[in-house]
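Residue-level structure breakdown
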Amino acid sequence: MKTRWRRLWQPSLARRMLLAQLGLLSLLWLALCGYAIYDTVHQNEDLGFDQRYELALAAARNLSGDPVRQRDMLQHIDRINRGDGVQESNPSWQLLMEVWQDGRMVYASPELEQPIRSTQLGVTQQVQTGQRKWLARTLASPDGRFVVTLAQPSDLASIYLTHSGFLLMPLLVCLPFMLLPAWISVRLALRPWRRVSAEIAERGPHDLAPLDYLPPHRELHPLVDNINRLLGRVRESARRERNFIADAAHEIRTPLAAMQVNIEAAIQRTPDTHLRALLDGSLLGVQRASHLVHQLLALMRSEAAGAGRQQNPLPLHTLLQECCAMLAPLACQRGVELELQADGDVKISGDTEGMLSLFENLINNAIKYSPDGGLVRIAVQSDGGQAVITVSDEGPGVAPELYERLCERFFRVPGQRQGGSGLGLAIAAVTVARHDGLLRFGPANGGGLQVTTTLPLAA
Ligand SMILES: Nc1ncnc2c1ncn2[C@@H]1O[C@H](COP(=O)(O)OP(=O)(O)O)[C@@H](O)[C@H]1O
Ligand SMILES: [Mg+2]
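Predicted, not measured: the structure shown is a model, and the values here were computed from it.

Structural notes on the packing of aromatic side chains
For the structure shown, the criterion picks out 1 aromatic pair. Seen from their ring centres, Y403 and F441 are 6.2 Å apart, and the 35 degrees between their planes marks the pair as tilted. Highlighted residues: Y403 in the loop between strand 10 (386-392) and helix 12 (424-434) and F441 in strand 11 (residues 438-443), separated in sequence by 38 residues. When sorted by exposure, Y403 lands in the same class as F441, which is buried.

Written as structure tokens, this is what we have:
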């Protein structure tokens, strides 16, 4: 509930456009109302219509001998004036009449409290009586005996009351109905914008390629261009960073190798057991550093290798046999047995070096984290156009909530006693992704970890 309120109060472009549309419409409408009212006040057609006067003047003159009939007739004309058009429905918007004969008032509309008379004949004038303002026009018969004045209220209150109904109501009635179409039009207009943002949202953290969707809309071009330019800069800086790390790792490798040779020679030559123990410790440290540098170099190489890298059809059976042979001394040292079950003709396409490094990392982990004398099973199957390779061990396994972190660079399960850099699975993940494959973790039957690699079969 709280989040919904917060969303409602959050600034929104759609709401801004909607309000601008409705605001503009209301403004135009109000300007129109203002013009209509101005027009009514300044160019009054009712008062300018001379036939009304002629009728009243003729009636007054013809019936001047019979005051009762004259009054009746004038009253009749007065009613017709008022019943004419819309005025009747609104008592504040009336055409009122006064008739004078020889300077004496013979008729006045019943609503008139005080007599109104404009000072100039034939001219529409503003006249004030008490609190009220009127627009009045007076005409006289040619002999000057009879005078007729027609008047309309001209004070703002009555004009507002009269016009508000006719002019403002349509706006008030229409606004809620216009809200939905206006909202839909704004949403439609913002659709390309949402497409761009959806494409950005779908991106993985390592996907720095330019955006695929280039909207044809002029307003979105600068946004997409700037994003693509930024992606280009980030790509370039990531490439420079990778090159730097690779160069540094490469440079460090040579002195480390020299140190290792020297320490090994020193261990062989010294009879002093205490010194030997110290040198053994140093040798271990140098070996660890060499391994880390080797892994760093491998990671940078596999990240730098693009999709254009050479793709060979590789028989998995041979590839995995090669890996097992390479790791046999390590397995032997720990008394770990390696079991390979592979179909002879499952082939994938990829680069040999990358694939060797991938399986070496997985099998190396399985051996390293197995208990002494454990069994490491490697199995290859083909399943619906995919090669499925599983490596399982009998080690402690990994808690499922940590699976998604295993491929992060330098991540190691806390409390890990085995030495390592935390880069092996990061390298494996990059290589697998480069070959359009998938790397998944799960519990093995023997209680350890099972790593499943899925790769597309060679065409
Ligand atoms: N087979 C396995 N059994 C148990 N834990 C494993 C296994 N493979 C990997 N791990 C855990 O995942 C972490 C990351 O592995 P990796 O990236 O290969 O780094 P490293 O082996 O150099 O520590 C390891 O530190 C280890 O804690
Ligand atoms: Mg490892």
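Examining the state of the cysteines
A complete count under the given rule lists 0 disulfides for this structure. The cysteine C323 is free of any disulfide, with C324 supplying the nearest cysteine sulfur at 6.8 Å. Judged by its relative accessible area of 0%, C323 is buried.

Description of the domain arrangement of the protein chain
Under the domain assignment, the protein chain is made up of domain 1 (12-41 + 163-189), domain 2 (44-154), domain 3 (221-301) and domain 4 (309-456). The C-alpha-based centres of domain 1 and domain 4 are spaced at 67 Å.

Observations concerning the packing of helix 10 (residues 316-334) against helix 11 (residues 352-368)
Where helix 10 meets helix 11, the axes come as close as 9 Å, and the angle between the chain directions of the two elements is 35 degrees. The two elements helix 10 and helix 11 cross, and the hand of that crossing is right-handed. Counting all contacts with helix 10, which are made through L316, L319, L320, E322, C323, C324, M326, L327, L330, A331 and R334, the residues of helix 11 involved are T352, M355, L356, F359, E360, I363, N364, I367 and K368. For the contact of helix 10 with helix 11, the per-class residue count stands at 14 nonpolar, 2 polar and 4 charged.

Digging into the site of ligand 1
N365, D393, R412, Q416 and L425 are the nearest of the 19 residues found near ligand 1. One of the side-chain nitrogen or oxygen atoms of N365 is found 2.8 Å away from an oxygen atom of ligand 1. In the model, a nitrogen atom of ligand 1 is placed 2.8 Å from a nitrogen or oxygen of the D393 side chain. Mapped by element, the contributors of at least two residues to the shell around ligand 1 are helix 11 and helix 12. Counting residues per element, the shell around ligand 1 draws most heavily on helix 11, which supplies 3 residues. In the shell around ligand 1, the residues fall into 9 nonpolar, 7 polar and 3 charged.

Remarks on the nonpolar core
Membership of the largest hydrophobic core comes to 38 residues, with the highest contact counts inside it found for L316, M355, F359, L362, I363, I389 and F441. Of all the elements, helix 11 adds the most residues to this core, at 8 residues. When neighbours within four sequence positions are excluded, F359 is seen to be in contact with L316, L319, L320, C323, I389, T453 and L455.

Brief notes about the sheet that holds strand 3 (residues 125-129)
Strand order in this open sheet of 5 strands is 2-1-5-4-3, and the pairing throughout is antiparallel. At either end of the open sheet lies a strand with only one pairing partner, and these are strand 2 (104-108) and strand 3. Strand after strand, the sheet turns through a mean of 35 degrees between neighbouring axes, direction not considered. Here strand 1 (residues 96-101) pairs with strand 5 (residues 146-153) via 6 bridges, running antiparallel. The residue bridging M97 from the neighbouring strand is L150, located in strand 5. With respect to the sheet, helix 4 (residues 50-62) is in contact with strand 1, strand 4 (132-140) and strand 5, its orientation differing from that of strand 5 by roughly 140 degrees.

So, unusual backbone geometry
The residue F410 is not glycine, and still its phi comes out positive at about 65 degrees. On the secondary structure map, F410 appears in the loop between strand 10 and helix 12. Backbone geometry places D436, a non-glycine residue, at a positive phi of 55 degrees. Along the polypeptide, D436 turns up in the loop between helix 12 and strand 11. Judged by relative accessible area, which is 63%, D436 ranks as exposed.

Digging into the environment of V376
By the secondary structure assignment, V376 is in strand 9 (residues 375-383). Assessed through its relative accessible area of 0%, V376 is described here as buried. Put simply, V376 and Q450 are 74 residues apart on the chain and 9.9 Å apart in space, counted from C-alpha to C-alpha. Once residues lying within four places of it in the same chain are set aside, the contact partners of V376 are V336, E337, L338, E339, A366, I367, S370, V391, S392 and D393.

So, the sheet that holds strand 11
Within the open sheet, the 5 strands sit side by side as 7-9-10-12-11. Their pairing is mixed. Of all strands in the sheet, those bounded by a partner on one side alone are strand 7 (337-342) and strand 11. Taking each pair of neighbouring strands and ignoring which way they run, the sheet shows an average axis angle of 15 degrees. Note: strand 7 against strand 9, 6 bridges, orientation parallel.

Topic: the side chain of E98
Counting through the fold element by element, E98 comes out in strand 1. At 2.6 Å, the side chain of E98 forms a polar contact with the backbone nitrogen of I116. Look past the residues within four positions of E98 in its chain and what remains in contact with it is M105, Y107, A108, L112, Q114, P115, I116, V147, V148 and T149.

Rules and cut-offs
- Residues numbered from 1 in each chain as written.
- Chains lettered and ligands numbered in written order.
- Predicted model: local features only at pLDDT ≥ 70, side-chain atom pairs only at ≥ 80, totals over all residues.
- Heavy atoms only, no water.
- Phe/Tyr/Trp six-rings, centres within 6.5 Å; stacked < 30°, edge-to-face > 60°.
- Helix = DSSP H or I, 4+ residues; strand = E, 2+ residues; numbered from the N terminus.
- Buried < 20%, exposed > 50% of the residue type's maximum accessible area, 1.4 Å probe, protein only.
- Disulfide = S-S within 2.5 Å.
- Domains from an automatic or database assignment.
- Axes fitted to C-alpha atoms, helices over the stretch in contact; angles between N-to-C directions.
- Left-handed = near helix turned anticlockwise from the far one by under 90°.
- Contact = heavy atoms within 4.5 Å.
- Nonpolar A, V, L, I, M, F, W, Y, C, P; charged D, E, K, R; others polar.
- Near = heavy atom within 4 Å.
- Polar contact = N/O pair within 3.5 Å; in protein donor to acceptor, adjacent residues only side chain to side chain.
- Core = buried A, V, L, I, M, F, W, Y, C linked by side-chain atoms within 4.5 Å.
- Pairing = 2+ DSSP bridges.

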